Structure formats: C-alpha cells, structure tokens
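# Structure assessment
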Amino acid sequence: MFVPDLPGFGKSVVPSNPYYLSDYANFLKVFMKKHRITHPILIGHSFGGRVSLKYQMLFPHTLRALILTGTPGVTPVSRKKIAVSIALAKFGKLLFLIPPFSFFHESVRKWYYFAVGARDFYRANGVMRETFKHIVQEDLVASMRSVNVPCALVWGSDDRITPVWIAHRMKEEIANSHLIVISNADHGVSFKQPQRFVLAIENFLKTI
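So, a few notes on the structure that sits alongside this text.

Procedures and definitions
- Throughout, a residue's number is its position along its own chain's written sequence, starting from 1.
- The model is predicted, so local features are restricted to residues of pLDDT at least 70 and side-chain atom pairs to those at 80 or more, both for listing and for counting; the totals for chains, interfaces and linings are taken over all residues.
- Water and hydrogen atoms play no part in the side-chain values, which are based on all heavy atoms of the structure.
- The aromatic pairing rule takes the rings of Phe, Tyr and Trp, using the six-membered ring of Trp, and pairs them if the centres are within 6.5 Å, calling planes under 30 degrees apart stacked, those over 60 edge-to-face and the rest tilted.
- The secondary structure listing takes helices from DSSP runs of H or I that are at least 4 residues long and strands from runs of E that are at least 2 residues long, numbered from the N terminus.
- For each residue, the accessible area found with a 1.4 Å probe, counting protein chains only, is set against the maximum for its type, and the residue is called buried under 20%, exposed over 50%, and partly exposed in between.
- Salt bridges are identified by distance alone: a Lys or Arg side-chain nitrogen within 4 Å of an Asp or Glu carboxyl oxygen.
- Strand pairing follows a simple DSSP-based rule, namely that at least 2 bridges must link the two strands.
- Look down the strands so they point away from you; if going from the first strand over the helix to the second traces a clockwise path, that crossover is right-handed.
- Side-chain atoms within 4.5 Å link the members of a nonpolar core, which is a set of buried Ala, Val, Leu, Ile, Met, Phe, Trp, Tyr and Cys residues.
- Whether two residues touch is decided by their heavy atoms; if any such pair falls within 4.5 Å, the residues are in contact.
- Here a helix's expected span is defined as the number of its residues, less one, multiplied by 1.5 Å.
- Note that the arc is defined by the directions from the helix axis to the C-beta atoms.

## Overview of the packing of aromatic side chains
Per the stated rule, a full pass over the model turns up 7 aromatic pairs. Judged by centre distance (6.1 Å) and plane angle (85°), the ring pair of phenylalanine 2 and phenylalanine 31 falls under edge-to-face. Of the two residues, phenylalanine 2 sits in the segment before helix 1 (21–34) while phenylalanine 31 sits in helix 1, which places them 29 residues apart along the sequence. The class for phenylalanine 2 is partly exposed, based on a relative accessible area of 48%. With relative accessibility at 17%, the residue phenylalanine 31 sits in the buried group. Seen in terms of ring centroids, tyrosine 24 and phenylalanine 47 are 5.1 Å apart; in terms of plane orientation they differ by 90°. Their pairing is edge-to-face. Taken as a pair, tyrosine 24 in helix 1 and phenylalanine 47 in helix 2 (residues 47–58) lie far apart in primary sequence, 23 residues in all. You can call tyrosine 24 buried: its relative accessible area is 0%. Put simply, the rings of Phe9, Tyr19, Tyr24 and Phe47 pair up and form one aromatic cluster.

As structure tokens, then:
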C-alpha cells in the first residue's frame, strides 16, 4: 500500500504556485510511474477523493477500482448561500478595519469560517489558500460521469461535513457504483473506525 503526501500536505513541500485538481492528478501519475505502480485501486478520502475522481477522468483505463469516502462530489452548500457568504465576508473585512471592531477581527473571522463549514479554508495560508479556492470551485460532475471502473462510496452515517445525501447524489452520477453507509460513524470513519472501514472495502473488493 502506498500513501503519498500530496503537495502542500503532510511532510511534502508547499507548491510555489496555487494548484488545481489536474496538478494533483498529474502528481499522482508521476508518483505511480516512479514506484512502478500499475492498475492500482485508489482510495480517496475527502480532498483525496476529489483528486482520485480527476485522475480517473484524465487517465482512464489505468485504475482497477475506485473507493471514495467523505468526498464532496457535489457541494453541500447552495450557490446562493456561497454568494451571500462571500458578500458578508467582504463587508466584514471592511468593517473590521475600523477600531474598536479591529480588535475582534480574528476571533469573529474564525467563528465565521467554522460556522459556514470552511474550516480548511481558515487554516490554509498563502498558496494553499488559493489552491483551496481552485479545488472547491471545480465542478466534478463530468469526472463522476467518466468513471469506468468499479467504484465504492463508503460513508459514515453521521458525516456532517459531507452528509450522506451527497453520496446518494454521487451514486446517481457514477455508473454501477456501490454505496456503503457505516452506521454511527462520521467524516473520519476511515481513520477513526479503521476496522469497520477495511471490512467494508474487503467486501466490495470481493465483488470485482
């Protein structure tokens, strides 16, 4: 099993320029060539699932199977809510330049991003913040419809970051995909309850 640190994550070097999903997919392609990996089974969690979907579209017929967990194939936030959030963020940025509001800027900013479900964006800085913007703005419908290998969607029933309804929507877009919902598990089911997660994967692999 190979678990690469994607650029900007783990112990890897932060990219000099903001990345798009295609950049991460190409990184995976180079990584696999370097390690002589052929026809792998990709397991993508959350952000990694986005990358896996993009990889499958750009390099079709190179995978044996695809396993996605907690992957936001469709946005859990409506475009209207996103537009309102951006408008409020811009207004707040101006407001908190004025004393005494400026003293509370960081606390309110942190609360706001956590409230709208953008914790990763709040934590990111510089190039990675711009990368985050590129990633979340990319539509993955075409990538989902391009999947031509066995695909399992493994979800925690209590996932609040990417709720189960997203998995159901993705199942409609990905032909012949299998949805496996693990009860009493959240967004981090793959590492919080690894035994149950592995069992779900093993059962899926027996079918391909």
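## A closer look at the pattern of salt bridges
Taken as a whole and judged by the stated rule, the model has 3 salt bridges. Lysine 54 is paired through a salt bridge with glutamate 138; the nearest N and O atoms lie 2.6 Å apart. In this pair, lysine 54 is assigned in helix 2 and glutamate 138 in the loop between helix 6 (126–137) and helix 7 (141–145), connecting sequence segments 84 residues apart. Judged by its relative accessible area of 11%, lysine 54 falls in the buried class. Measuring nitrogen to oxygen at the nearest pair gives 2.7 Å for the salt bridge that ties arginine 145 to glutamate 173. Separated by 28 residues along the polypeptide, arginine 145 in helix 7 and glutamate 173 in helix 8 (residues 164–173) bring together distant segments of the chain. Exposure remark for glutamate 173: the relative accessible area of 22% places this residue in the partly exposed category.

## Considering the pairing of strand 2 (residues 65–69)
Along strand 2, 5 of the 5 residues are buried, which leaves the element largely enclosed by surrounding structure. Neither face of strand 2 is left uncovered, since the one carrying Ala65, Ile67 and Thr69 and the one carrying Leu66 and Leu68 both have all their residues buried. Here strand 1 (residues 41–45) pairs with strand 2 via 5 bridges, running parallel. Bridge pairing links histidine 45 to threonine 69 in strand 2. As for the winding sense of the linkage, the β-α-β connection from strand 1 through helix 2 to strand 2 is right-handed. When strand 2 meets strand 3 (residues 151–156), the two strands line up parallel, connected through 3 bridges.

## Looking at the nonpolar core
Among the nonpolar cores identified, the biggest contains 32 residues, and Leu53, Tyr55, Leu66, Leu68, Met170 and Ile174 are the most heavily contacted of them. Broken down by secondary-structure element, the contributors of at least two residues to this core are helix 1, helix 2, strand 2, helix 6, helix 7, strand 3 and helix 8. For this core, the leading source of residues is helix 1, giving 6 residues. Sequence-distant contacts of leucine 68, that is, excluding residues within four places in its chain, are made with Gly44, Gly49, Ser52, Leu53, Cys151, Ala152, Leu153, Val154, Trp155, Met170 and Ile174.

## Side note on helix 1
Here helix 1 contains 14 residues, and its C-alpha end-to-end distance of 20 Å stays within 8% of the 20 Å for a straight helix at 1.5 Å per residue. Within the span of helix 1, buried status applies to Leu21, Tyr24, Ala25, Leu28, Phe31 and Met32. Buried residues of helix 1 fall within an arc of 120° about the axis and therefore sit on the same side. Away from its buried face by more than 90 degrees, helix 1 exposes Val30, Lys33 and Lys34. Structurally, helix 1 contributes buried residues whose contacts are with strand 1, helix 2 and helix 6. Downstream of helix 1 by one or two residues, arginine 36 has phi in the positive range, about 55°.

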